[in-house]
Every structure is written in C-alpha cells, then in structure tokens.
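# Structural features, examined
This is what each chain is made of:
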Amino acid sequence: MKRYSLHIAGEAVAPHSGSWFATQNPYTGEPWAEIPRGNAQDVDAAVVAAHHALTSGPWAEMTPTQRGALMRRLGDLISRDATKLATTEVRDNGKLFAEMNGQLNYIPQWFYYYGGMADKVQGATLPLDKKGYFAFTRHEPVGVVACITPWNSPLLLLAWKLAPALAAGCTVVVKPSEFTSASTLEFAELFEQAGFPPGVFNVVTGFGSEVGTPLVEHPLVSKISFTGSDATGRLINEKAGKLLKHTAMELGGKSPNIVFEDADLEQAAFGAISGIFAATGQTCIAGSRLLVQESIHDAFVERLLGVARTARMGDPMSADTQVGPVTTPPQYQKILEYIEIARNEGATAVLGGDKGTGPECGNGWFVQPTIFTGVTNGMRIAQEEVFGPVLSVIKFKEEADALAIANDVRFGLAAAVWTSDIGRAFRMSERLQAGTVWVNTYRAVSFMAPFGGYKDSGLGRENGIDAVREYLQTKAVWINSGAVAGNPFVMR
Ligand code: NAD
C-alpha cells in the first residue's frame, strides 16, 4: 500500500505519533493507502512553519505581483496533473471520475483569477474631517489560516479557500478530512515545484480531535476557514469565539428545487435529477427538497421516474456510471437510517429505498437512487441533511405556498426555481432565503460567483471578487502633516 507523508515547511515528514491509518476505496471497500496520523506536535510544527513564512523570509518580502506569478504557475501544474489528482480523489471518495476530472481541470481557474488579483488589493487615502493629517488604509494578510475541509470535493473546496488566502499574502495549514486526505497530500508536492517558499502551504492529516482541535486552538492561527457539517462548524465557532479568532463557515444545506407548472418540464426533470443524484447526493447544494406544483405533481413524478430509473450505479472510474458509491461507511449507515425514518414518517418510496447490491456495485457502499413522495415539510426527511441520493417530493398549490415551504427550514445554502414567467423568477429569487438562487438551472458554480450560506448554512462568502477581503485585515495609518498638539486630555 502507498504510504503518504505530512507536508510541513516544504518537506515530506513522518508524523510524530509514528502511526498511519488506512484509507479505503469506497467502490472496492478495500484499504488502498496509509495516511499519517497527525497530532498536536505536528500541528505545532506546521503552524510555526506557516507563521515563520508569513513574518520573515521570501514570502513575506515578495511583491504581490510575484505572489500572483507563483499562483499562476501552481494553476499550470494542477492542469498538468489533473488526471492523476482526479484519479486519487475517485479512489478515496468514490465520486465519478467524470465529476472529479471536471473539477480538477476547473481548479486552475481559481489560481489564475485570484493570482491576477494579488496585486490589485489597494488601500485608500482618506479625505479626513480633520486638518493637518494625511491618512490612508493598508490591507494586510489576516495571518496564518487554518483550512479544514470535508470529504466530498477535497481539492475544489480547498481551492475556494486557498487561492484568495494566498492572493492576500496569508500562509496556510490544511487539515483535510480523514476519509479523503490523499489528494491534498499529492497536491502539496506541487507547491515547491511551483517555487513557493517552504512553510507557505502545510498539510497535517488525521482526526478531528487529534489534529482539528489543536489547529483551531493554536495561538498563532488567526483565521479558521471551515467547510463541513453544521454540527462541527458550531463547535469550532464556539472555540474560535472564545479565542477571538476570525472564522468562515461553509456548512450544510437542505435546498429547495421548485418546479412551477409553467416550467420547461423536461429541463426541470433533468435539473431535479442533477440536483440530487449527481455526486450520489453528497453535495452541500443537493436539491434534496423537490417542491412541485400540485397541478403537475403526478405527471412530473412520472417524468422524473422515467429518467431516474435508468440511472446506472457502478464503478466510478467507468464512463458509463452515473451513480457511484457513498464515500464513507458511517455516511452509508446514516443514509439508510434516513430512508427508514422517511418510511416511518409515512412517506412513500416510489423509487429505490434500499442498498445497492447488484454485481455492478462491487463491494462498495451503494444506496439506490431513492425518491419519496407524500412528504410534508414538517417531516425529518424534509428538514434534515441526508447527504445522499434521497429526494423528498413535496406538493405546493401556489407561489406564496412554495415560498413559505422553501424558506421553512433552518438551512439556506441554495435554491432553484423552474418557471417560464420572468416576473416570478425575479420575485422568487428576491424572497428565497439562500446564498445562491438558480433559475432554470441547478448546481452551477464559478470562481466569479460568491458562494455561501444564509441561516444555519454558514458565515462568510467564498468565491467572487470580494473573497480576498475575507483573508485581509485593514489598518488605518495617520501621519501628522502639521496638526498642532492641543489639550492632551482631549481626543484629537
Ligand atoms: P464534518 O463536519 O464531519 O468534517 C469536516 C472536517 O472537520 C473534517 O476534516 C473533520 O476531520 C474536521 N473535524 C471534525 N471534528 C473537528 C473538530 N472538533 N475540530 C476541528 N475539525 C474537526 O463534515 P464532513 O462529513 O466531512 O462533510 C460533509 C458536510 O460538509 C455536510 O454537512 C455538507 O453539507 C458540508 N459541506 C458544505 C459545503 C459548503 O460549501 N457549504 C461544501 C461541501 C460540504
């Protein structure tokens, strides 16, 4: 089995614990590589290296233009190695090669976009209301950033944090998910090839309690940028609050995908399928609540079934496969439990509703694409994040009804509206409580479009032109150009 190393201060190093743990292939169910079991000592070494790179040496002294050039070179190296990195991700998380390869070929754009922004971070001169001063602002890196990432799209979700952080001049320590650490460790090797000074990018792998906790609590970490479940996000935010650290939280979702009777129903059916069965439902933006207007409900469900019944489970590396395995055994159990909960709540499984066990499923953790009808919005299956290929279909009568149901949930990551009425598209997009609203499409993301959650789906925004600000702090500088000291006991 392949044995990986931690990446600290530009070196591949063994963990202080002297132990490694196995990572499994979700399709074969077999271990395929050994991941270093990091601990607080490794975290300390990585954070000290990141802090050193931040405060002295070549990274600290580099011009922003030079930083941007390094980022563009990194983008080129990711392009060069996209297939290799995508293959590693498939082996570790079981998502389709087509999906991961698409992501890996797209990730360089984050480093080009934010690399171009590195030397466009400008302060301002301030037209003060006081005479005799010249004042201006400087935007400085916020400090060492801890990036904590989930298992579903390891490198894409890391790029959303890393590219703006590097553009801002920060240095980074990453703790990837214990289930999918391999691609982040392989990615780390590209940093020194691109010419980044040691310590700018560090990776410590391991478990939440052994690596995540000491990383969050480390006094030299200034900001924690987290993507994961809202339960872990709350825990981290509580600690970070006590320690007065900056945070950004990208958390879960229970997104409504709303189909009106005037929609292009064929397109809407594809949108509903891609919203829930792509990535085996393991995406934060899964359109797991399908709200369908009563007048078209039965016909639309039939149409949906027509497409969904043909969804092929199988080897995620095969170009024919449309639904891969679930990434982790605990997640697999959780999805099956939610299917049981939905049945007990009185919902009807009109498709799937069980494990995938055919020969095409290998020894993998497969769940059949599942559609529940007869769901009402108060049911747990309509309110809680399943993170699997399980769709809840909910009927509504009119627009106001759809809006009320859509917003009646504690999450607010994304929402979609399918309609041919432009007025309705505007009304709905204004009133839906979600960080992203799609009209007549689903699951579109870009480095240019801000992304993040309303309500319990998170704090802060990733992507878009303002994301660099999330990694900067502002300093106001006052220069006395002739103000005369007055009464020292009165504010100037
Ligand atoms: P998770 O919360 O279990 O784990 C996320 C990361 O946090 C992992 O690296 C984990 O090891 C680490 N961690 C766990 N306990 C910790 C602790 N006490 N201190 C510090 N770190 C700790 O989430 P997951 O199961 O890996 O990912 C699935 C979740 O992520 C879903 O809820 C999904 O919606 C969410 N997600 C959100 C987005 C988004 O952009 N909003 C994107 C993808 C996934």
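Shown above is the structure to which this text applies.
Only a predicted model underlies this, so the values are computations on that prediction, with no experimental measurement involved. (Residues numbered from 1 in each chain as written. Predicted model: local features only at pLDDT ≥ 70, side-chain atom pairs only at ≥ 80, totals over all residues. Heavy atoms only, no water.)

With that out of the way, let us pick up the overall build of the chain. Counting its secondary structure elements, the chain contains 16 helices and 24 strands. The C-alpha radius of gyration of the chain comes to 24 Å, within 12% of the 23 Å expected for a compact globule of 492 residues. C-alpha extents for the chain along the principal axes are approximately 80 × 60 × 40 Å. Across the 492 residues that make up the chain, the buried fraction comes to 56%. Excluding contacts between residues fewer than 6 apart, the proportion of contacts in the chain whose partners are at least 24 apart in sequence is 74%. Working note: accessible area of the chain is about 19800 Å², and carbon and sulfur atoms make up 53% of it. Averaged over its 42 positive side-chain charges, the chain has a centre that lies 6 Å from the centre of its 49 negative ones. (Helix = DSSP H or I, 4+ residues; strand = E, 2+ residues; numbered from the N terminus. Rg over C-alpha atoms; globule rule 2.2 N^0.38 Å. Buried < 20%, exposed > 50% of the residue type's maximum accessible area, 1.4 Å probe, protein only. Contact = heavy atoms within 4.5 Å. Areas by Shrake-Rupley, 256 points an atom, 1.4 Å probe, with all protein chains shown as cover. Lys, Arg positive; Asp, Glu negative; His and termini not counted. Charge placed at Lys NZ, Arg CZ, Asp CG, Glu CD.)

Reading across from one edge, S14-S17-S18-S13-S12-S20-S21 is the order of the seven strands in this open sheet, with mixed pairing throughout. Single-partner strands in this sheet number two, and they are strand S14 (348–351) and strand S21 (436–439). Within the sheet, the average angular offset between the axes of one strand and its neighbour, ignoring direction, is 25°. Looking at chain direction, strand S12 (residues 256–259) and strand S13 (residues 289–293) are connected through four bridges and run parallel. Bridging from a neighbouring strand, Ile-258 pairs with Leu-291 of S13. (Pairing = 2+ DSSP bridges. Axes fitted to C-alpha atoms, helices over the stretch in contact; angles between N-to-C directions.)

For the structure shown, the criterion picks out 20 salt bridges. Here Glu-178 ties to Lys-175 by a salt bridge, and the two come within 3.5 Å at their closest N and O atoms. Judged by relative accessible area, Lys-175 falls into the buried class, the value being 3%. One network of salt bridges, in which partners are shared, links Asp-230, Arg-234, Arg-410 and Asp-456. (Salt bridge = Lys/Arg side-chain N within 4 Å of Asp/Glu carboxyl O.)

So, about the side chain of Asn-377. Position of Asn-377 relative to the elements: it lies in the loop between strand S17 (370–373) and helix H14 (380–383). Taking the relative accessible area as the measure of exposure, Asn-377 reaches 10% and is therefore buried. In terms of polar contacts, Asn-377 uses its side chain to reach the side chain of Arg-289, at 3.0 Å. Ignoring any residue separated from it by four or fewer positions in sequence, one finds Asn-377 in contact with Arg-289, Ala-382, Gln-383, Ile-394, Ile-405 and Asp-408. (Polar contact = N/O pair within 3.5 Å; in protein donor to acceptor, adjacent residues only side chain to side chain.)

The next thing to look at is the packing of aromatic side chains. The full count for this structure, using the stated rule, is 21 aromatic pairs. Relative to Phe-447, the ring of Trp-110 lies with its centre 5.5 Å away and its plane at 75°, an arrangement referred to as edge-to-face. Highlighted residues: Trp-110 in helix H6 (residues 108–117) and Phe-447 in the loop between S21 and strand S22 (454–455), separated in sequence by 337 residues. The buried category is assigned to Phe-447, whose relative accessible area is 10%. Between Phe-111 and Phe-187, the aromatic rings sit 6.4 Å apart at their centres with planes inclined by 45°, giving tilted as the arrangement. Residue Phe-111 is found in helix H6, and its partner Phe-187 is found in helix H8 (residues 182–194); the two are separated by 76 residues along the sequence. A single burial state applies to Phe-111 and to Phe-187, both of which are buried. A cation sits over an aromatic face here: Arg-3 above Trp-20, 3.9 Å from the ring centre. Across the ring face of Trp-59, the terminal group of Arg-67 is positioned such that the distance to the ring centre comes to 5.7 Å. (Phe/Tyr/Trp six-rings, centres within 6.5 Å; stacked < 30°, edge-to-face > 60°. Lys NZ or Arg CZ within 6 Å of the ring centre and 35° of its normal.)

Keep in mind that these numbers describe shape and distance, not what the molecule does.
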